[in-house]
Amino acid sequence: MILARSIRPVSRVRLLGGAAAVAIRTPATQVSVNPCLVGALRRSIYGNSTQRAQQLEQSPQLTLPQFSQTDSQIIIHWGDGRSSTFDNQFLYDHCRCPSCFHPKTKQRLKTLGPVQPDVKVNSIEAKDGAIHISWGTSPAHQSIFPLAFLQQASYDPPMMNRDRLLDRVPLNLWGANIAELPPTVTYNSVMPDKAGADAEKGVLKWLEKVHDFGFCFVTGVPTSTAATEELIRRMSFIRETHYGGFWDFTADMSKGDLAYSNEGLPAHTDTAYFTDPAGLQIFHCLSHPCPPGTGGETLLVDAFYVADQIAKRDPVAYETLSRLAVPFHASGNEGTMLRPPISQPILRHDHMGRLQQARWNNEDRCVLGEGWTPEDVREWYRAARVFEDICTSKEAEYWVKLTPGTVVVIDNWRVMHGRAAFTGQRRMCGAYVGADDWRSRRRALLQQFGVHGADQWSSGW
Ligand SMILES: [Fe+2]
Ligand SMILES: [Zn+2]
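Going by what an unreviewed UniProt entry lists, the chain is known as trimethyllysine dioxygenase and is assigned to Cutaneotrichosporon oleaginosum. Listed under Function (unreviewed entry) in UniProt, the entry text for the chain is "Converts trimethyllysine (TML) into hydroxytrimethyllysine (HTML)." As recorded by UniProt, the Pathway (unreviewed entry) comment attached to the chain reads in full: "Amine and polyamine biosynthesis; carnitine biosynthesis."

A. Structural detail: the sheet that holds strand S22 (residues 427–433). Read across the open sheet, the 6 strands follow the order S9-S10-S19-S13-S22-S11; overall the sheet is mixed. Each end of this open sheet is capped by a strand with a single partner; those strands are strand S9 (184–186) and strand S11 (247–249). Strand after strand, the sheet turns through a mean of 20° between neighbouring axes, direction not considered. Two strands pair when backbone bridges link them, and strand S10 (residues 215–219) and strand S19 (residues 407–411) are joined in this way by 4 bridges, in the antiparallel orientation. Following the sheet pairing, Cys-216 is matched in S19 by Val-409. Of the strands in this sheet, S10, S11, strand S13 (280–287), S19 and S22 touch helix H8 (residues 225–235), which is tilted by about 20° from S22. The strands touched by helix H12 (residues 435–448) within the sheet are S13, S19 and S22, with S22 carrying the most contacts at an inclination of about 75°.

B. Quick look at the nonpolar core. Grouped together as the largest cluster of nonpolar side chains are 58 residues, with contacts concentrated most on Phe-215, Ile-310, Ile-346, Leu-347, Trp-380, Phe-387 and Met-416. Among residues more than four places away in sequence, those in contact with Leu-347 are Ala-307, Tyr-318, Leu-321, Ser-322, Leu-355, Gln-357, Ala-358 and Phe-387.

C. Inspection of the coordination of the zinc ion (ligand 2) at higher detail. Within the protein, the zinc ion (ligand 2) binds to Cys-95 (SG), Cys-97 (SG), Cys-100 (SG) and His-141 (NE2); these donor distances fall in the range 2.1 to 2.3 Å. Coordination geometry of the zinc ion (ligand 2): the 4 donor atoms subtend angles of 100 to 119° at the metal centre, consistent with an arrangement described as tetrahedral. Here the donor residues for the zinc ion (ligand 2) map to a single chain with the spacing C-x1-C-x2-C-x40-H. Of this pair, Cys-97 sits in the loop between helix H3 (88–93) and strand S6 (121–127) while His-141 is found in strand S8 (residues 141–146), placing the two residues 44 residues apart along the sequence. Since its relative accessible area comes to 15%, Cys-97 is described here as buried.

D. Quick look at H8. Buried within H8 are the following residues: Ala-227, Thr-228, Leu-231, Ile-232, Arg-234 and Met-235. The buried residues of H8 occupy an angular sector of 150° when the element is viewed end-on, so they sit on one face.

E. Representation of the packing of aromatic side chains in the model. With the rule as written, the count across this model stands at 18 aromatic pairs. Aromatic pair Phe-90 and Tyr-155: ring centres 4.9 Å apart, planes at 55°, arrangement tilted. One end of the pair, Phe-90, is in helix H3; the other, Tyr-155, is in the loop between helix H4 (147–153) and helix H5 (162–165), with 65 residues separating them in the sequence. Ring geometry for Phe-215 versus Tyr-398: centroids 6.0 Å apart, planes at 45°, classification tilted. One end of the pair, Phe-215, is in strand S10; the other, Tyr-398, is in strand S18 (residues 398–400), and 183 residues separate them in sequence. What makes Tyr-398 buried here is its relative accessible area of 5%. In textbook terms, an aromatic cluster arises when at least three aromatic residues are bridged by ring pairs, as seen for Tyr-243, Trp-247, Phe-249, Tyr-260, Phe-283 and Tyr-432. It is Arg-426 that lies over the ring of Phe-422; its NZ or CZ is 5.0 Å from the centre. Its end group placed over the ring of Trp-413, Arg-439 keeps NZ or CZ at 5.2 Å from the ring centre.

F. Looking closely at the sheet that holds strand S7 (residues 130–135). Pairing is antiparallel across the open sheet formed by 3 strands, whose spatial order is S6-S7-S8. In the strand order of this sheet, the two ends are held by S6 and S8, each with one partner. Across the sheet, the mean angle from the axis of one strand to that of its neighbour is 15°, orientation sign disregarded. The pairing of S7 with S8 spans 6 bridges and is antiparallel. In the strand pairing of S8, Trp-135 is matched with His-141.

The rules behind each value
Residues numbered from 1 in each chain as written. Chains lettered and ligands numbered in written order. Predicted model: local features only at pLDDT ≥ 70, side-chain atom pairs only at ≥ 80, totals over all residues. Heavy atoms only, no water. UniProt positions renumbered as here; feature names shortened; annotations may be inferred. Pairing = 2+ DSSP bridges. Helix = DSSP H or I, 4+ residues; strand = E, 2+ residues; numbered from the N terminus. Axes fitted to C-alpha atoms, helices over the stretch in contact; angles between N-to-C directions. Contact = heavy atoms within 4.5 Å. Core = buried A, V, L, I, M, F, W, Y, C linked by side-chain atoms within 4.5 Å. Buried < 20%, exposed > 50% of the residue type's maximum accessible area, 1.4 Å probe, protein only. Donors = N, O, S within 2.8 Å, 3.2 Å for Na, K, Ca; no water. Tetrahedral: all angles 85-135°; square planar, octahedral: opposite > 155°, others 65-115°. Arc of directions from axis to C-beta. Phe/Tyr/Trp six-rings, centres within 6.5 Å; stacked < 30°, edge-to-face > 60°. Lys NZ or Arg CZ within 6 Å of the ring centre and 35° of its normal.

Structure representation (structure tokens):
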């Protein structure tokens, strides 16, 4: 088969300038692989992406532009040789005056009824850093669009990097050497009774580290379940699952999952069997006296780093892991038979081809092959071994012994966790947080502290 879509691993920043896709023929399949994936992705992807974002954000001077029109479009000439073409329907639909867009709820107040292909423009005027459009509708309607909004909204051609608006800023990929300086915040910096008015800023710094690195330690946490739960709730809601909400457990096999044993666990993401896997996995080792206990070290692996390595070394394997849907299940607890109705590939990309999620849990994988060709089966095993080989390499594995007082927050859509087998009494507590919930909290804090200069015009993107 021919895969028309080109995939863009790892970078959540749009790779523009599009080198033409090249076809790589294998016995199993013909796939298209964008060479920028292979050539442009480097350990320093952060730098590449930043450069790209800057380039995209060299917006025209906000001098008043000129216009031209067709029957159905407005063309804005920015004065630097560039222009943006907007369909009249698009502009009319995106009017953000208080009668079209509720200023408090940020919800559209207009149906599609009046948004017609023949919606006409009576007049356009540029003044005060905005474009004023008077529509020839009945009743007449007046829209005001700030120039900055129109530059961000420009789709023909795209002018600005919307990733920035959507918080999809570059990520720091890491391997074992993250041990030298793991991302860390202190408990006191995020709790209001310790940090006072700065506590919300502290939470933003915390979430920024989780976002940038896929995990973050919190040190100096009181070694109690109550303090741990309070800390997690500083970040967001707790997500309830069949394991409960906030959990506190020892290796007693009280649940039908290997997590409740003292076995070693290879690197994995949790709840791969949910349609929407847990966004954050949060652990606090409340006690594990060693000696007499042994082992129990925690393993962290950046799956986006693994993906980046695969893209460089074996783009066909990357494509396979991004294409073939893999089913997962949880069936070990009475009364629970979880399996998502839509299986997803190990590497899941968004509609723009940006890697957004890794789903890897070898223990919870169920029967493969639905809709696959015999060649797919062979190629998937080959690709999965490439994934596992990199995942278990000493360059990728970061081992750390969690001690009471240190909480680890893990982005379960990106960073895999595991543990060494252990002996002795090991008591853990923690919780899951939903993927949308922590991102929402981060974005709201970014807006609160003006990091993105967010205003009413950048809400609702
Ligand atoms: Fe787990
Ligand atoms: Zn309006």
